[in-house]
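A structural walkthrough
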Amino acid sequence: MVSGVVIMLIGKVNPGAIPSSNVFQSGMVSVLALMGIAWMANTFIGAHNELLSSVMLGQVEQRVWVLPVAYYATAALTTSQSTATLIVTPVAIAMGISPAMIVASWLAVIGIHFFPANGSQIATIQFDRSGTTRIGGFVLNHSFLLPNVIVATVSVLTAFLIAAACF
């Protein structure tokens, strides 16, 4: 805050012009989207925690692949890596999944970018003046989807290989 005031004083910025600037408007849209969507999704997931937990029940050895899917889906629905971690990790620990596999699966929390509803995605789209970063006509054909799925898949598979080799 102090730095912002110093910049305003030194740069002789008109405080009344700040709310109408593109950067401020894009940032506020992102903040509101991030807080609102995360709050709504966290409430929904919290209300259905038992149902989501029951999906992973069964023989642990056969169901360890469900863990990264659970992390990814929960992160996508909540647009929050921390919420996905708080929901899925205790279930994985209670099921007796090894810590190495939990850590390897955790990389799937990059699923926060599956839907174009994350604050950073909205800000990126707002800031991009070239038109290359966009949301298409359908919800799931945005600029972040393919890189997101590739990174999640490669990261989790690599982490599983490392966990299997080292632990």
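Residues numbered from 1 in each chain as written. Predicted model: local features only at pLDDT ≥ 70, side-chain atom pairs only at ≥ 80, totals over all residues. Heavy atoms only, no water.

Next up on the list: the overall build of the protein chain. Counting its regular elements, the protein chain contains 9 helices and 0 strands. Ordering the α and β elements of the protein chain from the N terminus gives α-α-α-α-α-α-α-α-α. Within the protein chain, the proportion of its 167 residues that are buried is 34%. Intrachain contacts of the protein chain at a sequence separation of at least 6 include 66% that bridge at least 24 residues. Surface exposure of the protein chain reaches about 10,200 Å², of which carbon and sulfur atoms provide 74%. (Helix = DSSP H or I, 4+ residues; strand = E, 2+ residues; numbered from the N terminus. Buried < 20%, exposed > 50% of the residue type's maximum accessible area, 1.4 Å probe, protein only. Contact = heavy atoms within 4.5 Å. Areas by Shrake-Rupley, 256 points an atom, 1.4 Å probe, with all protein chains shown as cover.)

Positive phi is not limited to glycine here, since Lys 12 has a value of about 55 degrees. Among the structural elements, Lys 12 can be located in the loop between α1 (2–11) and α2 (22–47). Not every positive phi belongs to a glycine, and Thr 79 is a case in point at roughly 50 degrees. Within the secondary structure, Thr 79 sits in the loop between α5 (66–78) and α6 (81–95). Since its relative accessible area comes to 5%, Thr 79 is described here as buried.

What follows concerns α5. For an α-helix the count is 3.6 residues per turn, leaving residues at separations of three or four pointing the same way. The end-to-end C-alpha distance of α5 is 18 Å, a good match for the 18 Å that 13 residues give at a rise of 1.5 Å each. Within α5, 10 of the 13 residues are buried, which leaves it mostly tucked inside the rest of the structure. Val 66, Leu 67, Pro 68, Ala 70, Tyr 71, Tyr 72, Thr 74, Ala 75, Ala 76 and Thr 78 are the residues of α5 that are buried. Backbone geometry just downstream of α5 places Thr 79 in the positive-phi region, at approximately 50 degrees. (Expected span 1.5 Å × (residues − 1).)

Moving on: the confidence of the model for the protein chain. Counting all residues, the mean pLDDT for the protein chain is 81, and 87% of those residues have values of 70 or more. The secondary-structure element of the protein chain with the lowest mean pLDDT is helix α4 (residues 60–63), recorded at 60, while helix α7 (residues 99–106) shows the highest, at 94. (pLDDT = per-residue confidence, 0-100.)

Moving on to the packing of α5 against α7. Two numbers describe how α5 lies on α7: the axes approach to 8 Å, and their chain directions differ by 40 degrees. Between α5 and α7, the interaxial angle falls into the category oblique. Along this stretch, α5 crosses α7, giving a crossing that reads as right-handed. Judged by residue contacts, Leu 67, Pro 68 and Tyr 71 of α5 engage Met 101, Ile 102, Ser 105 and Trp 106 from α7. Of the residues that constitute the contact of α5 with α7, the class distribution is 6 nonpolar, 1 polar and no charged. (Axes fitted to C-alpha atoms, helices over the stretch in contact; angles between N-to-C directions. Parallel < 35°, antiparallel > 145°, perpendicular 65-115°, else oblique. Left-handed = near helix turned anticlockwise from the far one by under 90°. Nonpolar A, V, L, I, M, F, W, Y, C, P; charged D, E, K, R; others polar.)

Turning our eyes to something else, we now look at the nonpolar core. The nonpolar side chains of a soluble globular protein tend to be buried, and buried together. Membership of the largest hydrophobic core comes to 24 residues, with the highest contact counts inside it found for Leu 67, Tyr 71, Val 88, Ile 97 and Ile 102. Counting residues per element, the ones that place at least two in this core are α5, α6, α7 and α9 (145–166). The element that contributes the greatest number of residues to this core is α6, accounting for 6 residues. Excluding residues within four positions of it along the chain, Tyr 71 makes contact with Ala 84, Thr 85, Val 88, Thr 89, Ile 102, Ser 105, Trp 106, Ala 108 and Val 109. (Core = buried A, V, L, I, M, F, W, Y, C linked by side-chain atoms within 4.5 Å.)

A complete count under the given rule lists 2 aromatic pairs for this structure. When the centroid spacing of 5.9 Å and the interplanar angle of 75 degrees are considered together, the rings of Tyr 72 and Phe 114 count as edge-to-face. Of this pair, Tyr 72 sits in helix α5 while Phe 114 sits in the loop between α7 and α8 (119–127), placing them 42 residues apart in sequence. When the centroid spacing of 4.9 Å and the interplanar angle of 80 degrees are considered together, the rings of Phe 114 and Phe 115 count as edge-to-face. Accessibility expressed as a relative area gives 27% for Phe 115, which makes it partly exposed. Grouped by ring-pair contacts, the aromatic residues Tyr 72, Phe 114 and Phe 115 constitute a single cluster. (Phe/Tyr/Trp six-rings, centres within 6.5 Å; stacked < 30°, edge-to-face > 60°.)

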